[in-house]
Amino acid sequence: MNTTLIGLLLFLGAVAANFGGMLAMSTMLGPRRRNPVKDEPFECGSLPVGPNEGRFHVRFYMVAMLFLIFDIEVVFMYPWAMIYKSELGLYGFWSMAVFLFVLVFGLVYEWQRGGMEWD
């Protein structure tokens, strides 16, 4: 057999053994007694008050997703800025220009559609 395949099989076996061991240990050592205090939901150190049937508006999720998308895209720009002058050159500049164009176009589109408004 190829040594790469043997290494992969050993790795997969170690992962499976680790998974099985953790599952078995949590089943054997985990707490089994239930009581009302443990079954109660816990939110930031305060007891829950009132029914939990309140719904969030979809706009909340849209703003949260837009924040995550634009935040992650800014994270991609940081390494580019670190190596721009030394290694990337003109090709790196134009590829980032296209990336920023798509980013700004998406932001303007969402802004015009009302995705950034909070009522």
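These figures come from a predicted structure and were not determined experimentally. (Residues numbered from 1 in each chain as written. Predicted model: local features only at pLDDT ≥ 70, side-chain atom pairs only at ≥ 80, totals over all residues. Heavy atoms only, no water.)

Participant: Kindly report on the overall build of the protein, identifying the contributing residues and their values.
Facilitator: A tally of regular secondary structure across the protein gives three helices and zero strands. If you list the helices and strands of the protein from N to C, you get α-α-α. Put simply, the protein has 119 residues, and 7% of those count as buried. Element-wise, carbon and sulfur atoms account for 70% of the exposed surface of the protein, whose accessible area totals about 11100 Å². (Helix = DSSP H or I, 4+ residues; strand = E, 2+ residues; numbered from the N terminus. Buried < 20%, exposed > 50% of the residue type's maximum accessible area, 1.4 Å probe, protein only. Areas by Shrake-Rupley, 256 points an atom, 1.4 Å probe, with all protein chains shown as cover.)

Participant: Go over the packing of aromatic side chains, please, and point to the residues and values.
Facilitator: For the structure shown, the criterion picks out three aromatic pairs. Residues F93 and W94 carry aromatic rings whose centres are separated by 5.0 Å and whose planes lie at 75° to one another, so their mutual orientation is edge-to-face. Residue classification places F93 among the partly exposed residues on the basis of a relative accessible area of 34%. With a centroid separation of 6.3 Å and an interplanar angle of 25°, the aromatic rings of F101 and F105 are classed as stacked. Here the residue F101 and the residue F105 both occupy positions in helix 3 (residues 58-113), the gap between them amounting to four residues, near one helical turn. Assessed through its relative accessible area of 56%, F101 is described here as exposed. (Phe/Tyr/Trp six-rings, centres within 6.5 Å; stacked < 30°, edge-to-face > 60°.)

Participant: Please give an account of a nonpolar patch on the surface that cites residues and values.
Facilitator: On the surface, a cluster of nonpolar side chains totalling about 550 Å² of accessible area is made up of L5, L8, L9, F11, L12 and V15. On the basis of relative accessibility, which here comes to 38%, the residue L5 falls in the partly exposed class. (Patch = residues over 30% accessible without salt bridge, like charges linked within 9 Å, V, L, I, M, F, W, Y side chains within 5 Å. Salt bridge = Lys/Arg side-chain N within 4 Å of Asp/Glu carboxyl O.)

Participant: Which residues make up the side chain of E110, and what are the values?
Facilitator: Following the sequence through the fold, E110 ends up in helix 3. This buried residue, E110, is left without a salt bridge; R113 holds the nearest opposite charge, at 6.2 Å. If we skip the residues at most four places from it in the chain, E110 touches L66, G115 and M116. (Lys, Arg positive; Asp, Glu negative; His and termini not counted. Contact = heavy atoms within 4.5 Å.)

Participant: Please provide a residue-by-residue account of the confidence of the model for the protein, values included.
Facilitator: Per-residue confidence for the protein gives a mean pLDDT of 82, with 88% of residues at or over 70. Looking across the protein, the model is least confident in helix 2 (residues 36-39), with a mean pLDDT of 76, and most confident in helix 1 (residues 3-29), with 94. (pLDDT = per-residue confidence, 0-100.)

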